[in-house]
Amino acid sequence: MRARRPFVFAGVAACALAWAGCSSSSGGNEVIKTDQAAATAGAGFCRSTTCPAPKNFPVNGFCEPEGWPQTCGAAGVRDVPLWWRSGCVGWSLQKDGGRHVSFDEARAALESGFEAWTARACATNGQGTSHPSIDARYLGPVACDRNGYNKVAANQNIIVFHDDAWPHHEKADDLLPDGTSPTIALTTVTFDPDTGEIFDADMELNSGQHKIVPLTDQDVLDGNTFDLQSVVTHEIGHIFGIAHAPSKASVMFLSDEGHDIRKRTIGLEDVAAICAIYPPDGTRTVDVSVAATGHVGSTACDPTPRHGFTSECQSDPPVKRGCAAAPGDASGGLGAFALAFAVAGGVYFRSRRRCARRSAAVSGRSTGPG
């Protein structure tokens, strides 16, 4: 039996700059960018925000450096936490399942992973207990096998196994000795950069280069096989807007062994996080710049992805600009951050972004309308 290797999570920001000196003449007026960071919080948890904290955070119990919102502001980037407005999030599993995992096994692991977050009881100040005011609804299998978000066309929040080829590339220095990607899983979240409202989330599993399967407490742990439910439970935390945590007891802690079943159950810090963002009263805890009270009301449960649901991959119509096209803007003006679950002498999370068009890069961050 090989020695167990710990998870190690780190953040790395990358930005593909695109600029257009004129306005778009097409439809689709959503202004969106995506990124990941951790906002300072008590109770042992951190929230993802619109401005990325340095990759080594959380550090010594702090989710981001002192004065980080001011640092972000000086670069023209807001630092506000992420949240879903709807009372529920719809998700879909790509119809092919995985090489080592059947479709039914994958669906069961994901349903259990979502339930681990949404079924826990929140404290209600002596008024009894209740669940977080957000749920997840399975919308069925989909044919689409790539992550992405459309500003006009229909969408899906997908979970997909990449058995044949991993579509994301790391620098040569970041690859494992055998030349494979260290990434185990990647979650991409798209949100409004002004309010932090989440629009879309996709999860990808690198099942072609790493074995990600359901484990039991009877399995011999070799450090090279990863428990599917434990992996997706951590990733689902990011889908809900939760960042890496400073507490070792947390499912969202930045390091863990991760190849056994212990982290299928969220810890007290994780419960505090989901209940803080989505209190039982149906509100969403937001930055005071978004709402003076620090809370906005949720909408009724509607699991339909933004702009409608589709099983097939769709793309927005080409963007026609008033004068010149923006170079490097194949995404049609939207960006995405991703958290990658990876192995590199361990397992870590990496932050990646595609910048919005009409953006300017400052210290690895971007600003401007999308």
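Summarised in this report is the structure supplied together with it. What you are looking at is a predicted structure, and each value in this text was computed from that prediction instead of being measured.

## With respect to the overall build of the protein
Then step 1. For the protein, the helix and strand inventory stands at four helices and 17 strands.
Then step 2. Burial analysis of the protein (370 residues in total) assigns 55% to the buried set.
Then step 3. In the form shown here, the protein has an accessible surface area of approximately 15,100 Å², with 52% of it arising from carbon and sulfur atoms.

## With respect to helix H2 (residues 103–118)
Then step 1. For H2, which comprises 16 residues, the first-to-last C-alpha distance of 22 Å matches the rise-based estimate of 22 Å (1.5 Å per residue) to within 8%.
Then step 2. Along H2, the residues classified as buried are Phe103, Ala106, Ala109, Leu110, Gly113, Phe114, Ala116, Trp117 and Thr118.
Then step 3. Tucked inside the fold, the buried residues of H2 contact strand E3 (88–94), strand E6 (135–142), strand E7 (158–161), strand E9 (198–205), helix H3 (228–239) and helix H4 (268–277).

## So, the packing of aromatic side chains
Then step 1. Applying the stated criterion to the full structure yields five aromatic pairs.
Then step 2. An angle of 80° between the planes, with centres 6.1 Å apart, marks the rings of Phe114 and Phe240 as edge-to-face. Placement of the pair is Phe114 in helix H2 and Phe240 in the loop between H3 and H4, with a sequence separation of 126 residues.
Then step 3. For Phe114, a relative accessible area of 5% gives the class buried.
Then step 4. The exposure class assigned to Phe240 is buried, which follows from its relative accessible area of 0%.
Then step 5. A connected cluster of aromatic rings, assembled from ring pairs, spans Trp91, Phe114, Tyr138, Phe240 and Tyr278.
Then step 6. The residue whose ring lies beneath Arg306 is Phe199, and the NZ or CZ to ring-centre distance is 3.8 Å.

## Section: the nonpolar core
Then step 1. Formed by 53 residues in total, the largest nonpolar core has its most connected members in Trp84, Trp117, Leu205 and Phe240.
Then step 2. Listed by contribution, the elements that provide at least two residues to this core are E3, H2, E7, strand E8 (183–191), E9, strand E10 (211–213), H3 and H4.
Then step 3. Ranked by residue count, the leading element in this core is H2, at seven residues.
Then step 4. Every residue in contact with Trp84, bar those within four places of it in the chain, is listed here: Val89, Ile134, Asn157, Ile198, Phe199, Asp200, Ala201, Ile239, Phe240, Tyr278 and Arg284.
Then step 5. In terms of nonpolar packing, the next biggest core, distinct from the first, is built from six residues, Cys51, Ala53, Trp68 and Val77 among them.

## A word on the pattern of salt bridges
Proximity of charged atoms lets side chains of opposite charge pair with each other.
Then step 1. All told, the structure shown has six salt bridges when counted by the stated rule.
Then step 2. Here Asp96 and Lys95 are joined by a salt bridge, their closest N and O atoms 3.2 Å apart.
Then step 3. In this structure Lys95 comes out as partly exposed when scored by relative accessible area, which is 46%.
Then step 4. Across the salt bridge formed by Arg107 and Glu111, the nearest N and O atoms sit 2.9 Å from each other. Residue Arg107 and its partner Glu111 are both found in helix H2; the two are separated by four residues, about one turn of the helix.
Then step 5. Judged by relative accessible area, which is 33%, Glu111 ranks as partly exposed.

Rules and cut-offs
For every chain, the first residue of the written sequence is number 1, and numbering continues from 1 onward in sequence order. Only residues with pLDDT of at least 70 get local features here, since the model is predicted, and only at 80 or more are side-chain atom pairs given and counted; chain-wide, interface and lining totals rely on the full set of residues. Note: side-chain values were computed over all heavy atoms of the structure, leaving out hydrogens and water. Secondary structure elements follow DSSP: runs of H or I no shorter than four residues count as helices, runs of E no shorter than two count as strands, and numbering proceeds from the N terminus. Burial status follows relative accessibility: with a 1.4 Å probe on protein chains alone, a residue under 20% of its type maximum counts as buried, one over 50% as exposed, and anything between as partly exposed. Per-residue and other accessible areas follow the Shrake-Rupley method at a 1.4 Å probe size, with only the shown protein chains counted as cover for residues. One less than the residue count of a helix, multiplied by 1.5 Å, gives the span that helix is expected to have. When checking whether two residues touch, look at their non-hydrogen atoms; a contact exists if any pair is within 4.5 Å. Two rings from Phe, Tyr or Trp (for Trp, the six-membered ring) form a pair when their centres sit within 6.5 Å of each other. Planes less than 30 degrees apart are called stacked, planes more than 60 degrees apart edge-to-face, and all others tilted. For a ring to carry a charge above it, either NZ of a lysine or CZ of an arginine must fall within 6 Å of the ring centroid while also lying within 35 degrees of the normal to the ring plane. Nonpolar cores are built from buried Ala, Val, Leu, Ile, Met, Phe, Trp, Tyr and Cys residues. Side-chain atoms within 4.5 Å join them into one set. Here a salt bridge means any side-chain nitrogen of Lys or Arg lying within 4 Å of a carboxyl oxygen belonging to Asp or Glu.

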